[in-house]
Amino acid sequence: MRRPVVLRLYAALATTAIAAATGVVMSMPEASAATGGVTGYATQNGGTTGGAGGQTVRASTGTAIHAALCGRASSSTPIIIEVSGTINHGNTTKVSGDSCNTAAGVIELKQISNVSIIGVGGAVFDQLGIHIRDSSNIIIQNVTVRNVKKSGSPTSNGGDAIGMESTVRNVWVDHVTLEASGGEAEGFDGLFDLKDNVQYVTLSYATLRNSGRGGLVGSSESDTSNGFITYHHNLYENIDSRTPLLRGGIAHIYNNSYVSLHESGINSRAGARAKVDNNYFRNSKDVLGTFYTDQAGYWQVSGNIFDNVTWSSPGDDTNPAGPNPQSNTSVSIPYSYTLDGASCVPSIVSQTAGANKGNQVSNGNCSPTTPTTGPTNPTPRPTTPTPTNPTPQPTTPTPGQPGGTNLSLGAGADGSSKASGTSYGNVRDGNMSSYWSPAGATGSISIKWGSATTVSRINIREAAGSTGGIGSWRVVNADNGAVLTSGSGAGVITFASTSLTKITFDITGSTGAPRVAEFETYAG
């Protein structure tokens, strides 16, 4: 029911008074929302636009954020809240109104919709969490949330940096930094937790670090009403577990960089199904599987790289996917997306993920780009990865053996996946009767050294009996993701002399089952 004119006037005056008291600055409506475009599952179910088309408000305190929510005509009136400065307990109080339901000590987005919270000029939520409950169509971008505690002092949001619960739909969290200073024993909980019927969420270009728990989907084995979550181009670093923990539902996890996961990583359980594509796992333990329960979860894997990853032995409540991860389910993805090659994921993520990175995104060619402000639902892009800039010229391998010392002998090796009965180390053992094959039609194999090594030629030798298995490929400097050259077929491949610690032969197409017996490397 519409308010009488006099009541609308009082509401406007009240809003003005709140603004004066809290330091919130309001401007005229603007047509745009966040920079760049929403991706992943947040594009589904009608899409996620946040406060696009609504009034833009500036806020430098938590109270001002609440005042902006409470000053709207209704709980669904679109609004863009641009946040600057440090938001903490001292400047975050409850504000009341017909269009809001806030609380002190937490940024409360409760029973509302059509809101964007965008950091400008270094927005930091210090020991103060963001809580989304019974809400829809929310965008959070370019903010840092740090050191949120569930025990000790001060406490906020149950210890979650960003938490969603109780019938939440369509949320995009993008270019944020979520961090703690320890685990549960130090009073911290999850960095990104979803529970009790949360669906259609994307977490993109985020940094999550220095925590015992990365995040979960579902609070218990019976909380399986959550799902349709996308995680892409995120950095998970120095985390014990839950990157994420999934209970039921579907998750799409691609192009993430994982470093120093101490106990476990992607923990799919209680019937959850995860599509895990082109991620890079480094210096970590048990990065994928079902852990700490006998209620199985499932995964579909392709194109991932496991670099110095260790795996536990299977047990009653431990079912690691490795050391040779294989798919045990199939997941259909309803939206378009572009995969970066796994070998360049650490580089592209380090340049783009987190707050205050200029909201840069991957251009689909393993290079960062700054998007222009525009609609939050971009035109879908193809899912086929394309070569990295600068565009290399196609190379035709030459037959025969190069001269000089094969630098691969005595070096290390790893790769994206391996078929049953094959090994990464087989490509550097000097034995043509052993070989590596990817688990599917495509995959990558790498040679690595403990210090910088100069390479200008490689020789890809197919195992005896191979008939046209290797089709198109790229040779990648795995240190920075640069494509050194590309082409098709096996043989001797030359490129500009390059100093690196790791080189990757990435098979992007095949006409049969690729079988690489030797991946030889030469300085000249």
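From a predicted model like this one, the values you see are computed outputs, not experimental measurements.

Participant: I'm lost on the layout of surface pockets in this one. Help?
Facilitator: Vacant regions in the atomic arrangement are exposed by a probe of water-molecule size rolled over the atoms. Considering only enclosed or pocket space, the second largest pocket measures out at about 440 Å³ in volume. Lining the second largest pocket are 27 residues, and of these Asn278, Ser302, Gly303, Thr442 and Gly443 lie nearest its centre. Elements represented by at least two residues in the lining of the second largest pocket include exactly strand E25 (298-302), strand E32 (443-462) and strand E35 (491-507). At 3 residues, E35 tops the list of elements feeding residues into the lining of the second largest pocket. Residue composition of the lining of the second largest pocket, by class: 8 nonpolar, 16 polar and 3 charged.

Participant: It is not clear to me how the pairing of strand E10 (residues 168-174) should be interpreted in this structure. Could you clarify?
Facilitator: Along a regular strand, successive side chains alternate from one face of the sheet to the other. With 6 of 7 residues buried, E10 lies mostly within the body of the structure. Pairing analysis gives 5 bridges linking strand E8 (residues 136-146) to E10, with the strands arranged parallel. Bridging from a neighbouring strand, Ile138 pairs with Val171 of E10. One ladder, built from 6 bridges, connects E10 with strand E13 (residues 198-204); its direction is parallel. If you follow Val173 over to E13, its bridge partner there is Leu203.

Participant: Would you explain helix H2 (residues 62-70) in this entry?
Facilitator: Each turn of an α-helix holds 3.6 residues, which means side chains three or four residues apart point in the same direction. When you tally the buried positions in H2, you get 9 out of 9 residues, the bulk of the element. Listed as buried for H2 are Gly62, Thr63, Ala64, Ile65, His66, Ala67, Ala68, Leu69 and Cys70.

Participant: Help me understand the state of the cysteines, please; the structure alone is not making it clear to me.
Facilitator: Think of a disulfide as a covalent bridge from one cysteine sulfur atom to another cysteine sulfur atom. Enumeration over the complete set of coordinates arrives at 2 disulfides. Two residues, Cys344 and Cys366, share a disulfide whose sulfurs are 2.0 Å apart. Across the S-S bond of Cys344 and Cys366 the torsion is about -60°, and the bridge reads as left-handed. In this pair, Cys344 sits in the loop between strand E27 (318-320) and helix H3 (345-352) while Cys366 sits in the loop between strand E28 (361-362) and strand E29 (368-369), placing the two residues 22 residues apart along the sequence.

What counts, and where the lines are drawn
- Residues numbered from 1 in each chain as written.
- Predicted model: local features only at pLDDT ≥ 70, side-chain atom pairs only at ≥ 80, totals over all residues.
- Heavy atoms only, no water.
- 1 Å grid on protein atoms, 1.4 Å probe; cavity = no way out; pocket = protein on both sides within 12 Å on 5 of 7 lines; lining within 4 Å.
- Points joined across faces, edges and corners; volume = space filled by probe spheres on them.
- Helix = DSSP H or I, 4+ residues; strand = E, 2+ residues; numbered from the N terminus.
- Nonpolar A, V, L, I, M, F, W, Y, C, P; charged D, E, K, R; others polar.
- Buried < 20%, exposed > 50% of the residue type's maximum accessible area, 1.4 Å probe, protein only.
- Pairing = 2+ DSSP bridges.
- Disulfide = S-S within 2.5 Å.

So yeah, pure geometry; function would need other evidence.
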